[in-house]
Amino acid sequence: MTSKGEQLFAYGLAAILLIVGVVCYASLAPEPPEEPIRLMFKTSAGKILFDHKIHTVEDGYGLACEDCHHEEQDESSSCSGEDCHGPDSEPTRADAFHTNCKGCHEETGAGPAECSACHMR
Amino acid sequence: MGKEKKLVVPHALFPWQPGKEGNKAEKRFIVAYGPHWHDGGKISTKNYNIVVAALPAVLMGISQYGAPALGVIALSMACAMVWEFVMNVVMGRSVSIGDGSAMVTGLLFGMLLPATAPWWVVLLGTFAAIVIGKQIFGGIGFNPLNPPLLALAMLVISFDGIFDFNEALLNYDLDFAMTYPLANLKAFGTAGIGEFGLGALFMGKQAGAIGSTFGLGLTIGGIYLLLRGYIRWEISLSFLAGIFITALLFNMADSAKYAGPAFHLVTGYTLIAAFFLIPEDSSSPVNFIPMLIFGVLAGVMTVLIRNIGAYVDGIPFSILLLNLANPLLDKIRPKAIGKVVENA
């Protein structure tokens, strides 16, 4: 059996925590970064965690946008859209990524080139 | 008439007391307090101490992930208390949120979530923890399963993507490798965990749940609870020993595939489970040998699931499984009340 003081304290605490929680969810949610930091590609062979930032920053691999994104894109466009790399397009998204990623990794000797080194099963 | 013998009984449970003339004795009861001394401890005191012990790990999580982490923790604690209040009203029982139990359940559940957990996951999880995990069994002290872990297991099975920390924390860029260590181990073997230093992992420099990554803080909190007598060292240490030994055997069998024991101790939910989850009163044994078996088997199961099971972290499932075995384990060599074991 709890005392009345403990009960009142619990009511007050619950109310404060509820307000803090709602405020944090409603108005303090961080904006997504302008440029992605990491991307998760979901494929039938397993998820792939791609570190976008390390490929683009100067002290990383310093790649230019056009090295991978060959078409100029706006916010609404997607790499796997019908126009470029959809299931019926040529090349498909899988082919494009394999060519681009593996090709560069093998050419420069940096980064994984084996399936199991990227695909997380 | 000689001196009258009075038999003092702790409480008036017995229908008669033998007197000078056997069953015809005078029916006098002298009621006295039981031979116990209340030390002044209260359930609420214990629960607030658990909150204090968990604070270092929680504050580290909030400092790393900011307002979203604070939102998850605060909403989780508040929702747990609200669910408990609702169930008290629905079941016609006295309101019990003053004892702090629901608050602790909410806090621990929040600590197991990623900072990006949606609000409805918090709402659903606290419902599972408080209503399904605790209140339908009768409330505090009656739950056969650990409530936060029951909620976590239900959600992990139902919503895989939310508990994939690699996916959940895509937009966070902290000053350490932001890939979930156990996921790397599962996918790439020990070749995938070379970038993680044990010291850095222990200091919380790893991706993961809000309150589960800061090993030092969790250990300090755990030692505090051990010293105050709120948790039993037998369970915590045997659990860690079970993990250590099993991971060591796997590592010795194939060091390219299975990580060493120290890695398993400082990653995933290991330390929060050891000090805050597995020693929970209601769902763990009370006798010495059963406590050791309970902890060791939970540790063994944890590593088995991590190394050869389907899930990245086996903590919720291993402990829930042992929770189910708890009543049976407590029947192993129970000590009879009042019996003095001279050769012990």
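Keep in mind it's a predicted model, so treat the numbers as computed, not measured.

Looking only at helices and strands, chain B has 14 helices and two strands in total. Each of the 344 residues in chain B was classed as buried or not, and the buried ones make up 49%. The contacts of chain B with a sequence gap of at least 6 include a subset with a gap of at least 24, amounting to 71%.

By convention, interface size is frequently given as the accessible area that disappears when the constituent parts associate. Once the domains are mapped, chain B shows domain 1 (1-37) and domain 2 (43-329). Spacing between the C-alpha centres of domain 1 of chain B and domain 2 of chain B amounts to 52 Å.

It is worth spelling out the interface of chain A and chain B at this point. Taken together, the contact pairs 26 residues of chain A with 29 residues of chain B. When contributions to the side of chain A that touches chain B are tallied by element, the ones reaching two or more residues are α1 (4-27) and β1 (38-43) of chain A. With eleven residues, α1(A) is the largest single contributor of residues to the side of chain A that touches chain B.

Residues and elements named next belong to chain B. At a closest axis distance of 8 Å, the pairing of helix α1 (residues 43-65) and helix α9 (residues 215-228) adopts a crossing angle of 170°. It follows from the interaxial angle that α1 and α9 lie roughly antiparallel. Across the interface between the two elements, Asn49, Ile50, Ala53, Ala54, Pro56, Ala57 and Met60 from α1 touch Gly217, Leu218, Ile220, Gly221, Tyr224, Leu225 and Arg228 from α9. Considered class by class, the residues forming the contact of α1 with α9 number ten nonpolar, three polar and one charged.

Below, the discussion takes up the domain arrangement of chain A. Segmenting chain A into domains produces domain 1 (1-30) and domain 2 (38-71 + 80-120). Averaged C-alpha coordinates put domain 1 of chain A and domain 2 of chain A at centres separated by 45 Å.

Moving on, we come to the sheet that holds strand β3 (residues 119-120) of chain A. Residues and elements named next belong to chain A. Across the sheet, which stays open at both edges, the three strands sit in the order β1-β2-β3 with antiparallel pairing between neighbours. The outermost strands of the open sheet, each flanked by one partner alone, are β1 and β3. With six bridges joining them, β1 and strand β2 (residues 46-51) adopt antiparallel strand pairing. Across the sheet, the residue bridging to leucine 39 is phenylalanine 50, located in β2.

Here β2(A) runs beside β3(A); their pairing, made up of two bridges, is antiparallel. Following the sheet pairing, A:Ile48 is matched in β3(A) by A:His119.

We now examine the packing of helix α4 (residues 119-132) of chain B against helix α5 (residues 147-158) of chain B. All names here are of chain B. Their axes nearest at 8 Å, the elements α4 and α5 cross at an angle of 130°. Judged by the inter-axis angle, α4 sits oblique to α5. Crossing geometry of α4 relative to α5 is assigned as right-handed. Taken together, the residues of α5 that come into contact with α4 (itself represented by Val121, Leu124, Gly125, Ala128, Ala129, Ile130 and Ile132) are Pro147, Pro148, Leu150, Ala151, Met154 and Leu155. Partitioning the contact of α4 with α5 into residue classes produces twelve nonpolar, one polar and no charged.

Cut-off values and rules
Residues numbered from 1 in each chain as written. Chains lettered and ligands numbered in written order. Predicted model: local features only at pLDDT ≥ 70, side-chain atom pairs only at ≥ 80, totals over all residues. Helix = DSSP H or I, 4+ residues; strand = E, 2+ residues; numbered from the N terminus. Buried ≥ 20, exposed ≤ 12 C-beta atoms within 10 Å, placed from the backbone. Contact = placed C-beta atoms within 7 Å. Domains from an automatic or database assignment. Axes fitted to C-alpha atoms, helices over the stretch in contact; angles between N-to-C directions. Parallel < 35°, antiparallel > 145°, perpendicular 65-115°, else oblique. Nonpolar A, V, L, I, M, F, W, Y, C, P; charged D, E, K, R; others polar. Pairing = 2+ DSSP bridges. Left-handed = near helix turned anticlockwise from the far one by under 90°.

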